[in-house]
Structures are given as structure tokens and as C-alpha cells.
Amino acid sequence: MVTAGDTVAADVLVDGETVAAIGRSLDVTADRIVDASSRYVMPGGIDAHTHLDMPFGGTFSADDFESGTAAAAWGGTTTVVDFAIQDFGESLQAGYERWLAKAAGRAHVDYGFHMIIREVTDQTLTDMDALVRQGVTSFKLFMAYPGVFMLDDASIFRAMQRTSDNGGLIMMHAENGGAIDVLVQRYLREGRTDPVNHALTRPASMEGEATHRAIALARLAGVAVYIVHLSSRDALTAVVEARDRGAPAYAETCPQYLFLSQDDLARPDFEGAKYVCSPPLRPRDHQDDLWKGLVQDDLQIVSTDHCPFDYKDQKVLGRADFSKIPNGLPGIEDRYTVLFDGGVNAGRITLNRFVELVATAPARMFGLYPRKGTIAPGSDADIVIFNPAVERVLSASTHHMRVDYNCFEGMRVRGLPEVVMQRGEVLVEDGRFLGRPGQGGFLPRSAFPS
Ligand code: URP
Ligand code: ZN
Ligand code: ZN
């Protein structure tokens, strides 16, 4: 059994929905015994960054709460924290309730919500307090996508100040949207419309600048800040410098930034569109820095930013104009295994650090620990029995995400979540899916520790 702290040979006793006991050769009579010999017994993954059924660029992400959470379970993830979105002119409460309705009765795994704030008014600030009281304790703000999501510095600062009172945590999409937009318009005027231009118009320096600014604003407000989907050395440097000065700056990266690169965006015949996400994939040499960040805990979490769009009828919206390609990649099913294979098997991180990155740290960061994110008496019995010996090839032909391509297509990996259990109920076993929609419930989360 592996947790963030220990690797022990032990039996795990599950009683109802929770773990009852852990010990060597437990002397109990169980209704059922699952033989996990030669396997790792690890906490179910927590994917703290997903976009299920999300409107973007005139279309919706291809996985909804039913298909996306089933794919999550197939891949060893038993909790997701998705993003509810405030519409313009709408209260945060109304946006949150719309997402509650999207998930209700459909999710296979437990879920919580972060709230995306699109405009900051006096009412928004009051709404933030109310959401924290309901267990929606983190708020995503954007420094990019002008006219769609981008907030100015004053709005960002006001929202940050509010979290110092209400216990919320600001999550920042840190890219300088103003400068990027100017570049995008120039490239389009010059006829540079292919997918690779998505990366060329969103340089790493502009992620570094926004990350630095976000942290500076958070320091001024006296609060912590969490940088989402950090993709580049430039942004990581801003986080490291702040942390070295003792600032509570946190960040996640995603598998696509660890395993894919700008070369994928440059694939010919519009195939690069499959790899369009923001921030964009970076030149390959950024990857070593991200791995170092994961080892040294300057990056605390690996989330997916799962936001799938079909290649054939959605990514194609940007065939003549890269800025119209819906942004986002699929990954909810593959995160656990690609990080195990590329991290643990490749000798980059320890088994315990792996568990910390995919389960324990997200639980702690987002107010779910110790109910989620570990295997301990009293914790939810969200358990993965992982077979590290199974060799397989990732492919859209075998995955369960409702999207027509896999961005890790053809990747050879060693490891399979063989048995996946949520709150004591088996969701995946013997290559069969045993879960049912509605089995996952809403998780109110605790406030961020001050
Ligand atoms: O390209 C991305 N990341 N799409 C999802 C929206 C976001 O910014 O996280
Ligand atoms: Zn974002
Ligand atoms: Zn996202």
C-alpha cells in the first residue's frame, strides 16, 4: 500500500464507504477479498482541473459529467474538481447552480467545483463569501482571453483581497492576454493561420510576466495564489523566486506540458489543431525544468485541464484561423498512468511523490483532505489497485473519453489501474465498468487554510 508518506505491505479493510483498518495480516472476516499481491494499492486520483460540458468558442467540451467521470474512473481518478462559470451579468450563485444541475445524477465519481469569475462587482464579492460557505472555496480568474474571460488588475486585486477574509483561494490563468491578442491579430493579418501560430503568439515570456504579476498582486493582498496549468520555465521561475522569498505561491502543471511539445502543434495538415490548448505546448527543453519543479515541490500538483474537443467537427472550426480552434486537450483518463510511467518508471519521481502529486496534494490544496487523497482509517475508500507490470499503448481506439483522438496516441506505457473503487464500491474491475451515473456526489470543500 502506497501513500504520500509510506510504502508498506499491508491489508486494507474497507467497511461501507470508508477505510476501517490497515494492518499486516488483518484478522477479520471480510465479505469479499480482492487479491492485490504484486500490485500497488494507492489512493484514487484527484483531478483538480477539469472542464466537463464546458462552453468554449461556440461549442461545448465533448465529455459531459457522465462520460468524463466514467473515463476518469477507468484511469484511476475517483474525484474531479470542475469549473463552474459565471455568465456576464449573472450572480456567481446562478452559475454555480447551473453546474450543479449539469452534474446531478450523472457523475460516476465524486466532484467539487471551482468558480470562474468573469466580472467583479460588489455583488460578486458578496457572492464569493456565500460560495465559500457552500463548499466552493476556490475561484479561477483569467489574465487572458480579452472580452471573454480576462479581468483587469483592479478586479483581480479586489477578488484576491476578498479571499483574505473569506478563506477562498484564487486560481490564476496567467498569460498576458492583451499582448497576446495584439500578436494574434498581427499574425492573422500576415496570413499566418496554421495551428503552430497559436504557440508563437502566446510566448512563454508572457506567461512568465503574468505569473509574476499574479503573485505580486497576491502578495499585496496578503493571500496565497495558485497558478493553473503552468507550462513554461518562465512561469516556473516566477513561482520559484516568490517561494524562495517565502510567498505562498503554488502551481500545477499538466501531463501535456511534461510529455508533448510545440513540435506537436507544428504537425502538418492541420493535425496540430489536436494540440491547441492555452497556455500552449512549449519547446521541448521546458520539460526538464517542469520535472525539476515537481521534484523540488515548486510545482505541487499534476492536473489534466481536461477540456476535450473532437478533431473532426470541433477543432476544425479553426481550419482557416488558428485563433478559432477551441482550446483544450483530453487527458482525464491518462493522467494517472502517464505520470506513473513517465515519472516513476522513468526514475524521475518516487512512488510516494507520485501519490502526492495525483491525489494527496490536490486533496490538501482544495480542502478535501483527509477524506480524500490518502488511504487511512476513516478516509473514503477511494482506492486504485494498480498493476505496474501491464504494458499497453494509449490510443483513441481503446480509451473511454468521448473524443475522437488521444493526444498521447501511440505512447507505450507500463501500468494499469486494474481495480478502481470509490467509497467502497468497485467502479472498474476485470476490464469492465461497474459504475453507474449518479454514484458520484457533490463534495463541499473546506476553506483554504490561512
Ligand atoms: O486550453 C485550455 N486550457 N482550455 C481550457 C480553459 C482553460 O483556460 O483552462
Ligand atoms: Zn485556464
Ligand atoms: Zn482549464
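For the structure given in this document, a descriptive report is provided here.

This next bit is on the overall build of the protein. Helices and strands together make up the secondary structure of the protein, namely 13 helices and 17 strands. Structurally, the protein occupies a C-alpha span of about 70 × 50 × 40 Å along its principal axes. By residue count, 60% of the 450 residues in the protein fall in the buried class. Long-range contacts, defined as pairs at least 24 residues apart, comprise 77% of the intrachain contacts of the protein with a sequence gap of at least 6. Here the protein has roughly 16,500 Å² of accessible surface; of this, 48% comes from carbon and sulfur atoms. Distance from the positive charge centre (43 side chains) to the negative charge centre (60 side chains) of the protein: 2 Å.

This brings us to the coordination of the zinc ion (ligand 2). In the first shell of the zinc ion (ligand 2), the protein supplies Lys140 (NZ), His173 (ND1) and His229 (NE2), at 2.1 Å from the metal. Separating the zinc ion (ligand 2) from the zinc ion (ligand 3) is a gap of 4.0 Å. Placement of His173 in strand β10 (residues 169–173) and of His229 in the loop between β11 (225–227) and α8 (233–244) is noted, with a sequence separation of 56 residues between them.

With parallel pairing, the eight strands of this open sheet are ordered in space as β4-β7-β8-β9-β10-β11-β12-β13. Two strands bound the open sheet, and with one partner strand each, they are β4 (45–50) and β13 (301–302). As paired strands, strand β9 (residues 138–142) and β10 are joined by five bridges and run parallel to one another. Residue Leu141 lies in a different strand from β10, and its bridge partner there is Met172. Of the strands in this sheet, β7 (77–85) and β8 (110–116) touch helix α1 (residues 65–74), which is tilted by about 145° from β7.

Protein coordination at the zinc ion (ligand 3) comes from His49 (NE2), His51 (NE2) and Asp305 (OD), with a distance range of 1.9 to 2.1 Å. In this structure, the zinc ion (ligand 3) is coordinated by four donor atoms arranged in tetrahedral fashion, with angles at the metal of 89 to 135°. Summarised as a motif, the one-chain spacing of the donors to the zinc ion (ligand 3) is H-x1-H-x253-D. On the basis of relative accessibility, which here comes to 4%, the residue His51 falls in the buried class.

Let us now look at the sheet that holds strand β17 (residues 432–433). Overall, antiparallel pairing links the five strands, which are arranged β3-β14-β15-β16-β17 in an open sheet. One side of each edge strand has no neighbouring strand; the edge strands of this open sheet are β3 (40–43) and β17. With eight bridges joining them, strand β14 (residues 383–393) and strand β15 (residues 412–422) adopt antiparallel strand pairing. Of the residues in β15, the one forming a bridge with Val384 is Val420. Across the face of the sheet, helix α12 (residues 335–345) comes into contact with β3, β14 and β15 while running at roughly 130° to β15.

Neighbouring residues of ligand 1: 13 residues in total, closest Lys140, His173, Ser278, Asp305 and Asn327. Here His49 contributes a side-chain N or O atom positioned 3.5 Å from an oxygen atom of ligand 1. In this structure, an oxygen atom belonging to ligand 1 sits 2.8 Å away from a main-chain N or O atom of Ser278. Protein chains bury 100% of the 260 Å² of accessible surface belonging to ligand 1 in isolation. Residue composition of the shell around ligand 1, grouped by class: four nonpolar, seven polar and two charged.

Packed helix pairs are specified by the crossing angle of their axes together with the interaxial distance, meaning the distance between the axes. One way to put it is that helix α4 (residues 153–166) packs onto helix α7 (residues 204–221) with a least axis distance of 9 Å and a crossing angle of 45°. The orientation of α4 relative to α7 falls into the category oblique. Considering how the two elements wind past one another, α4 and α7 form a crossing that is right-handed. Facing Asp153, Ile156, Phe157, Met160, Gln161 and Ser164 of α4, the residues of α7 in contact are Arg213, Ala214, Leu217, Ala218, Leu220 and Ala221.

The next thing to look at is the nonpolar core. The biggest cluster of nonpolar side chains holds 127 residues, and the ones touching the most others in it are Met160, Met172 and Phe354. The element that contributes the greatest number of residues to this core is helix α13 (residues 351–365), accounting for eight residues. Beyond its immediate sequence surroundings of up to four residues, Phe354 is in contact with Met42, Tyr336, Leu339, Phe340, Val344 and Ile349. Formed by ten residues, the second largest nonpolar core is a distinct cluster that contains Met1, Val19, Ala381 and Met421.

Let us look at the side chain of Asp63. Checked against the element boundaries, Asp63 lands in the loop between β6 (59–60) and α1. Buried charge Asp63 goes without a salt bridge, the closest partner of opposite sign being Arg402 at 4.8 Å. Side-chain polar atoms of Asp63 contact the side chain of Ser67, separated by 2.6 Å. Residues within four places of Asp63 in sequence aside, it is in contact with Leu52, Asp53, Gly68, His306, Pro308, Met401 and Arg402.

Turning our attention to the packing of aromatic side chains. Each pair of aromatic rings is reported with the distance of its centres and the angle of its planes. This model, assessed by the stated rule, comprises 23 aromatic pairs. On the numbers, 6.3 Å between centres and 50° between planes, the contact of Phe56 with Phe309 is tilted. Pair noted here: Phe56 is in strand β5 (residues 55–56) and Phe309 is in the loop between β13 and α12, with a separation of 253 residues, a long-range link. For Phe56, a relative accessible area of 14% puts it in the buried group.

Direction vectors running N to C along helix α3 (residues 122–133) and α4 enclose 35°, while the axes themselves pass 10 Å from each other. The interaxial crossing formed by α3 with α4 has right-handed handedness. Contacts between α3 and α4 pair Asp122, Leu125, Thr126, Met128, Asp129 and Val132 from the former with Arg158, Ala159, Arg162, Thr163 and Asn166 from the latter. Across the contact of α3 with α4, the residue classes break down as four nonpolar, three polar and four charged.

The end-to-end C-alpha distance of helix α5 (residues 177–189) is 18 Å, a good match for the 18 Å that 13 residues give at a rise of 1.5 Å each. Those residues of α5 that sit buried are Gly177, Ile180, Val184 and Tyr187. Along the axis of α5, the buried residues cluster in a sector spanning 85°; they form a single face. Seen from the open side of α5, the exposed residues pointing more than 90 degrees away from its buried face are Val182 and Arg189.

Cut-offs used in this document
- Residues numbered from 1 in each chain as written.
- Chains lettered and ligands numbered in written order.
- Predicted model: local features only at pLDDT ≥ 70, side-chain atom pairs only at ≥ 80, totals over all residues.
- Heavy atoms only, no water.
- Helix = DSSP H or I, 4+ residues; strand = E, 2+ residues; numbered from the N terminus.
- Buried < 20%, exposed > 50% of the residue type's maximum accessible area, 1.4 Å probe, protein only.
- Contact = heavy atoms within 4.5 Å.
- Areas by Shrake-Rupley, 256 points an atom, 1.4 Å probe, with all protein chains shown as cover.
- Lys, Arg positive; Asp, Glu negative; His and termini not counted.
- Charge placed at Lys NZ, Arg CZ, Asp CG, Glu CD.
- Donors = N, O, S within 2.8 Å, 3.2 Å for Na, K, Ca; no water.
- Pairing = 2+ DSSP bridges.
- Axes fitted to C-alpha atoms, helices over the stretch in contact; angles between N-to-C directions.
- Tetrahedral: all angles 85-135°; square planar, octahedral: opposite > 155°, others 65-115°.
- Near = heavy atom within 4 Å.
- Polar contact = N/O pair within 3.5 Å; in protein donor to acceptor, adjacent residues only side chain to side chain.
- Nonpolar A, V, L, I, M, F, W, Y, C, P; charged D, E, K, R; others polar.
- Parallel < 35°, antiparallel > 145°, perpendicular 65-115°, else oblique.
- Left-handed = near helix turned anticlockwise from the far one by under 90°.
- Core = buried A, V, L, I, M, F, W, Y, C linked by side-chain atoms within 4.5 Å.
- Salt bridge = Lys/Arg side-chain N within 4 Å of Asp/Glu carboxyl O.
- Phe/Tyr/Trp six-rings, centres within 6.5 Å; stacked < 30°, edge-to-face > 60°.
- Expected span 1.5 Å × (residues − 1).
- Arc of directions from axis to C-beta.

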